[in-house]
Amino acid sequence: MTAKLPAPVVLENDVVRLQPLTLEHVPDLFAAGGGDDELWRWLSIATPRTEEDLARTARALIGDDQHVPFAVIPKETGRPGGWTTYIDVPGFDDSVEIGWTWYGRAHWRTALNTNCKLLLLDHAFGLGYNRVLLKTDVLNLRSQAAIRRIGGVHEGTLRRHRRRPDGTWRDTVYFGILEEEWPEHRARLNR
C-alpha cells in the first residue's frame, strides 16, 4: 500500500489547471463528455446519460480514500473538460497510479494530456514517489500510445483483470515510469 496518497492540491502550468474535483464541476464536465459512448468506452462504468449519473460517479471518487481526483481545466476555456486521479497502488512500495482519466472530445489530440501528465508526474516524483503506474484496457490503443509517448514502459498485461460495463472481460495493460527515468522523458516532452 502507498504510504500516503498525495494531498489534494492545485497544480497548474500555462496550459492547464488541475484542481481538486468537487460536485460544482459536474455541470461543465457533463457538457464536456456526458453521454459520449466513445469517450466512456474504456472506463469501468457505463456512459453517464445524465448529470446526476456523472455526479454519482464524481461523488464516489471524491469520497473514496483510495483516490485523489482532479478536475482538468484548460486555461484557454477556464471550464472543466475532464478529470484525472491519483490512485493508491496496493503491493508496491512508494508508488502511485495516475488513472481514471478522461477528456471531452474537444481536448483530444491537443496539448492538454501531455501538460496534465507533466504536472502529475512532476508532483508525484517531487513528493518522493519511486514509481508511477499507468494502465489501460488492452483494446484501448489510443491510450496505450499516449502512455508510451510520455515515457511509460510496458510492464505486463493482467489477463481477465475485470469486467467491462458490457460484461466482457478486460485485459489490463500496465505501464510504469520510474523516478530516475522521468527527467529524460520530461526534457523530451518539454522540447
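First, a word on what this report is: a plain description of the structure on this page. (Residues numbered from 1 in each chain as written. Predicted model: local features only at pLDDT ≥ 70, side-chain atom pairs only at ≥ 80, totals over all residues. Heavy atoms only, no water.)

A separate point is the layout of surface pockets. The computed volume of the largest pocket comes to approximately 900 Å³. As for the largest pocket, its lining consists of 34 residues, and the residues nearest its centre are Thr101, Trp102, Thr136, Asn140 and Ser143. Contributions of two or more residues to the lining of the largest pocket are made by helix 2 (37-40), strand 5 (95-103), helix 4 (112-126), strand 6 (131-137) and helix 5 (141-149). Of all the elements, strand 5 adds the most residues to the lining of the largest pocket, at seven residues. Of the residues in the lining of the largest pocket, the class split is 14 nonpolar, eleven polar and nine charged. Taken as a whole, the second largest pocket encloses approximately 160 Å³ of empty space. Taken together, the residues of the lining of the second largest pocket break down into six nonpolar, two polar and four charged. (1 Å grid on protein atoms, 1.4 Å probe; cavity = no way out; pocket = protein on both sides within 12 Å on 5 of 7 lines; lining within 4 Å. Points joined across faces, edges and corners; volume = space filled by probe spheres on them. Helix = DSSP H or I, 4+ residues; strand = E, 2+ residues; numbered from the N terminus. Nonpolar A, V, L, I, M, F, W, Y, C, P; charged D, E, K, R; others polar.)

To continue, consider the sheet that holds strand 7 (residues 153-163). Within the open sheet, the eight strands sit side by side as 1-2-3-4-5-6-8-7. Their pairing is mixed. What marks the edges here is a single partner per strand, and that holds for strand 1 (11-12) and strand 7. By the bridge criterion, two bridges tie strand 1 to strand 2 (residues 16-20) in an arrangement that is antiparallel. The residue bridging Glu12 from the neighbouring strand is Arg17, located in strand 2. (Pairing = 2+ DSSP bridges.)

Let us look at helix 6 (residues 182-190). Looking only at helix 6, the buried set comprises Trp182, His185 and Leu189. The buried residues of helix 6 occupy an angular sector of 65° when the element is viewed end-on, so they sit on one face. Among the exposed residues of helix 6, those pointing more than 90 degrees away from its buried face are Pro183 and Glu184. Summarising the contacts, the buried residues of helix 6 are in contact with helix 4, helix 5 and strand 8 (169-178). (Buried < 20%, exposed > 50% of the residue type's maximum accessible area, 1.4 Å probe, protein only. Arc of directions from axis to C-beta. Contact = heavy atoms within 4.5 Å.)

One can find Ala58 in helix 3 (residues 51-63). When the C-alpha atoms of Ala58 and Trp83 are compared, they prove to be 9.4 Å apart, with 25 residues separating the residues in sequence. Beyond its immediate stretch of four places on either side in the chain, Ala58 contacts Leu21, Leu23, Val26 and Trp83.

This part is about the packing of helix 1 (residues 26-33) against helix 3. The geometry of helix 1 relative to helix 3 is characterised by a closest axis approach of 9 Å and an angle of 115° between their N-to-C directions. For the element pair helix 1 and helix 3, the recorded crossing hand is right-handed. The segment helix 1 lies against helix 3, with Val26, Pro27, Leu29 and Phe30 engaging Glu51, Leu54, Ala55 and Ala58. Considering only residue class, the contact of helix 1 with helix 3 consists of seven nonpolar, no polar and one charged. (Axes fitted to C-alpha atoms, helices over the stretch in contact; angles between N-to-C directions. Left-handed = near helix turned anticlockwise from the far one by under 90°.)

It is worth spelling out the pairing of strand 4 (residues 82-88) at this point. Counting buried positions along strand 4 yields seven of seven residues, so the element is predominantly enclosed. The sheet contact formed by strand 3 (residues 67-74) and strand 4 spans six bridges and is antiparallel. By the bridge assignment, Val72 is partnered in strand 4 with Gly82. Direction of pairing for strand 4 relative to strand 5: antiparallel, over a ladder of six bridges. From the neighbouring strand, Thr85 faces strand 5, where its bridge partner is Gly99. A loop of six residues connects strand 4 with strand 5, the two strands running antiparallel in sequence, and Gly91 in this loop sits at a positive phi of about 90°.

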